Amino acid sequence: MSRLGALLGRETALAWGRGGGPLVSVGFYAGVATLLPLAIGPEPERLAAIAPGAAWVALALASLLSLDRLFERDYEDGALDHLALSPVPLELTCAAKCAGQWLATGAPLALAAPVAAIGLGAPLALTPLVFACALVGGLAFAFTGGIGAALSLGARRGGLLTAVIVLPLFVPPVIFGGGALAAFAGGLPWNAGFALLCAYAAAAAALGPLAMAAACRNALS
């Protein structure tokens, strides 16, 4: 457990300092939330109607920014070879990388999500659910994004390839999270959408490291 804790601390520190850490993702998120009213008009009613969904889509896009370096840096400097040969199973190493990515990027984005939603006109009562969906959705984005990052190891234009692989995997959490927020805003039952979002995040956290480890071994062979 001490080795796994040290690995999680290493990955969190690397994710925090990789490419500006959470500042780039949060800045991109804030930029999207700022530009959206300029694109569709400043009418409060129109903004309030699309605020939950727009904030959720912006969260998914912001989560893409730091995925391309999740494995690439360790692959380039040879650290990934040492991690693959360490006593810690490679699957747990991949899980620690994604958990560090979530702590360093997903959690700050989840904190920014309610602020962006309120800025776009969402009702104040919606903010707890926005935060919860963003936190759970960020976990799903980190682990599904890790699959794309591992599959694009060693490829040219790896960041573009990662986005192409990952975007279809981002569709279910966007649908579930956006549906839960829209149902809550409309006074309808929202529990089913949130439960499906949690189930998707749990499945990604359980199965994603297996796919990442297999892709890393293939890149190292």
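Above this note sits the structure.
All figures in this text were calculated on a predicted structure; none of them were measured in a lab. (Residues numbered from 1 in each chain as written. Predicted model: local features only at pLDDT ≥ 70, side-chain atom pairs only at ≥ 80, totals over all residues. Heavy atoms only, no water.)

Notes on the overall build of the protein chain
- Secondary structure assignment for the protein chain yields nine helices and zero strands.
- Of the regular secondary structure in the protein chain, the N- to C-terminal order runs α-α-α-α-α-α-α-α-α.
- For the protein chain, the C-alpha radius of gyration of 18 Å lies close to 17 Å, the compact-globule estimate for 221 residues.
- Counting only C-alpha atoms, the protein chain reaches 55 × 30 × 30 Å along its principal axes.
- For the protein chain, the proportion of its 221 residues judged to be buried stands at 47%.
- Within the protein chain, contacts between residues at least 6 apart in sequence are counted, and of these 81% link residues at least 24 apart. (Helix = DSSP H or I, 4+ residues; strand = E, 2+ residues; numbered from the N terminus. Rg over C-alpha atoms; globule rule 2.2 N^0.38 Å. Buried < 20%, exposed > 50% of the residue type's maximum accessible area, 1.4 Å probe, protein only. Contact = heavy atoms within 4.5 Å.)

Some remarks on the packing of aromatic side chains
- Across all of its chains, the model carries three aromatic pairs by this definition.
- Judged by centre distance (4.4 Å) and plane angle (45°), the ring pair of Phe 141 and Phe 170 falls under tilted. Separated by 29 residues along the polypeptide, Phe 141 in helix α7 (residues 127–151) and Phe 170 in helix α8 (residues 158–185) bring together distant segments of the chain. Here the two residues Phe 141 and Phe 170 agree in accessibility, since each one is buried.
- Between Trp 190 and Phe 194 the ring centres are 6.2 Å apart and the planes differ by 70°, which places this aromatic pair in the edge-to-face class.
- Residue classification places Trp 190 among the partly exposed residues on the basis of a relative accessible area of 27%.
- Site record: aromatic cluster; members linked through ring pairs are Phe 184, Trp 190 and Phe 194. (Phe/Tyr/Trp six-rings, centres within 6.5 Å; stacked < 30°, edge-to-face > 60°.)

Looking at the packing of helix α6 (residues 90–119) against α7
- Where α6 contacts α7, the axes come no closer than 8 Å and their chain directions differ by 150°. The angle between α6 and α7 falls in the class roughly antiparallel. In the packing of α6 onto α7, the handedness of the crossing is right-handed. Touching Ala 95, Cys 98, Ala 99, Gln 101, Trp 102, Ala 107, Ala 110, Leu 111, Ala 113, Pro 114, Ala 117 and Ile 118 of α6 are Thr 127, Val 130, Phe 131, Ala 134, Leu 135, Gly 138, Leu 139, Ala 142, Phe 143 and Gly 146, all from α7.
- Split into classes, the residues belonging to the contact of α6 with α7 amount to 18 nonpolar, four polar and no charged. (Axes fitted to C-alpha atoms, helices over the stretch in contact; angles between N-to-C directions. Parallel < 35°, antiparallel > 145°, perpendicular 65-115°, else oblique. Left-handed = near helix turned anticlockwise from the far one by under 90°. Nonpolar A, V, L, I, M, F, W, Y, C, P; charged D, E, K, R; others polar.)

Digging into the pattern of salt bridges
- Here the structure, examined in full by the defined rule, presents two salt bridges.
- With a closest N to O distance of 2.4 Å, Asp 74 and Lys 97 form a salt bridge. A residue pair is termed long-range when its members are at least 10 positions apart, and Asp 74 in helix α4 (residues 72–77) and Lys 97 in helix α6 qualify at 23 residues. The residues Asp 74 and Lys 97 share a single accessibility class, namely buried.
- A salt bridge links Glu 91 to Arg 217; the nearest nitrogen and oxygen atoms lie 3.2 Å apart. With Glu 91 in helix α6 and Arg 217 in helix α9 (residues 191–220), this pair connects stretches of sequence that are 126 residues apart. (Salt bridge = Lys/Arg side-chain N within 4 Å of Asp/Glu carboxyl O.)

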